[in-house]
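Here is what each chain is made of, one letter per residue.
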Amino acid sequence: MIFITGPLLAGKQSYICGALGLSLDEFARRAVWDVQDLAAREPDLPALADALSRREIVIATEVGGGVVPTDPEERAAREAAGRLSCLLAERADTVVRVCCGLPQVLKGRLPC
Amino acid sequence: MFTLITGGSASGKSEYAESHVLRLPGRRIYLATMRPWDQECRGRIARHRLLRRGKGFETVERYTDLAGLELPAGANVLLECLGNLTANELYDPEGGGGEAVLRGIAALAARSLHLTVVTNDVFSGGASYDADTLRYLRVLAEINRALAAQADAVAEIVCGLPNYLKGGPVP
């Protein structure tokens, strides 16, 4: 599994489509994205990470960089999103962080 | 040559950008884009002026339409920062939107010996914003990606230290 992370609107999808030569249709079939939003509703994060890691490409947006939210629900959601990313990175063969459209491989190497 | 520098607030990106420009020989121009709206802005500007003191920068203030700015050719220009400039072009009555930012940077790059642009990473704190803020983020993100693609070097500053995403530091 290739795990792609990075800030909001950083060009994560464009990057992986370009790197692997994927059309939008292929991308939609082979990737799952915005997985940070799945974390909030999931009581069992390792199970979610296991399920996601069976996909080929998993994309999460970094959301932990701002001030800790005062709202308990938002706070828990942000915490879960960060934990899920760590679990996904553990399970991934390759981890790439995309910032300003530029990739940086944090783990493994890209199959291309 | 064109270098883009990004980083979160108070990550040390200004200090790094200045030290990067100081390694370049020749005339140095600091292009400031923050409008001195209030006391806090003025304080921030004063702090930055103090940081630059004695480093041989000529300060030029310009809030919109960089393409129409007549800077001396062949200088090392440090522009700070893209977050302010983008807000000015989007929200000022005389602003020209995101297009004006890109036009302005292209004109500056053509005129400068080495252009260094500081931008702002405001994209790691979630997406729970109102529509207008999201529009601003979309425009700034597009500009960041376009400039990163054009740049010879891109550095993300973390705790004052550069993480080069493209190219490397000037020798």
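Scroll up to find the structure this text is about.
Notes on the sheet that holds strand E5 (residues 114-118) of chain B
Residues and elements named next belong to chain B.
1) Next: Ordered by their spatial adjacency, seven strands build an open sheet running E3-E2-E4-E5-E1-E6-E7, and the pairing between neighbours is mixed. Bordering the open sheet on either side are strand E3 (57-61) and strand E7 (161-166), each of which pairs with just one other strand. Within this sheet the neighbouring strands show an average axis-to-axis angle of 20 degrees, counted without direction.
2) Next: The pairing of strand E1 (residues 2-7) with strand E6 (residues 153-158) spans five bridges and is parallel. Bridge assignment links Gly 7 to a residue of E6, and that residue is Ile 157.
3) Next: Sheet strands touched by helix H5 (residues 131-150): E1, E5, E6 and E7. Its angle to E1, the strand with the most contacts, is close to 140 degrees.

Some thoughts on the nonpolar core
1) Next: Formed by 65 residues in total, the largest nonpolar core has its most connected members in A:Ile4, A:Ala10, A:Val58, A:Leu84, A:Leu88, B:Val117 and B:Val154.
2) Next: In terms of residue count, the dominant contributor to this core is helix H5 (residues 72-91) of chain A (six residues).
3) Next: If sequence neighbours within four positions are ignored, A:Val58 has contacts with A:Met1, A:Phe3, A:Val32, A:Val35, A:Leu52 and A:Leu88.

Remarks on the interface of chain B and chain A
1) Next: Each side of the interface is counted separately: chain B has 19 residues, and chain A has 15 residues.
2) Next: Put simply, the parts of the chain that give the side of chain B that touches chain A at least two residues each are H5, E6 and E7 of chain B.
3) Next: The dominant element in the side of chain B that touches chain A, judged by the number of residues it contributes, is H5(B), at seven residues.

Some points on the sheet that holds strand E3 (residues 57-59) of chain A
All names here are of chain A.
1) Next: Taking strand neighbours across the sheet as the criterion, the five strands line up as E2-E3-E1-E4-E5 in an open arrangement whose pairing is mixed. Across the chains shown, the open sheet's two edge strands, defined by having one partner strand only, are strand E2 (31-32) and strand E5 (102-107).
2) Next: Packed onto the sheet, helix H1 (residues 12-20) meets strand E1 (2-5), E3, strand E4 (94-99) and E5 and runs at close to 160 degrees relative to E3.

Digging into the packing of helix H3 (residues 82-91) of chain B against H5(B)
Residue and element names in this part refer to chain B.
1) Next: Remark: H3 packs on H5, axes separated minimally by 10 Å, with the N-to-C direction vectors making an angle of 125 degrees. In terms of orientation, H3 and H5 fall into the oblique class. The element H3 and its partner H5 pack so that their crossing is right-handed. Taken together, the residues of H5 that come into contact with H3 (itself represented by Leu 82, Gly 83, Thr 86, Ala 87 and Leu 90) are Tyr 136, Val 139, Leu 140 and Ile 143.
2) Next: Taken together, the residues of the contact of H3 with H5 break down into seven nonpolar, two polar and no charged.

What counts, and at which threshold
Residues numbered from 1 in each chain as written. Chains lettered and ligands numbered in written order. Predicted model: local features only at pLDDT ≥ 70, side-chain atom pairs only at ≥ 80, totals over all residues. Pairing = 2+ DSSP bridges. Helix = DSSP H or I, 4+ residues; strand = E, 2+ residues; numbered from the N terminus. Axes fitted to C-alpha atoms, helices over the stretch in contact; angles between N-to-C directions. Contact = placed C-beta atoms within 7 Å. Core = buried A, V, L, I, M, F, W, Y, C linked by C-beta atoms within 7 Å. Buried ≥ 20, exposed ≤ 12 C-beta atoms within 10 Å, placed from the backbone. Parallel < 35°, antiparallel > 145°, perpendicular 65-115°, else oblique. Left-handed = near helix turned anticlockwise from the far one by under 90°. Nonpolar A, V, L, I, M, F, W, Y, C, P; charged D, E, K, R; others polar.

All quantities given are derived from atomic positions and should not be read as evidence of function.
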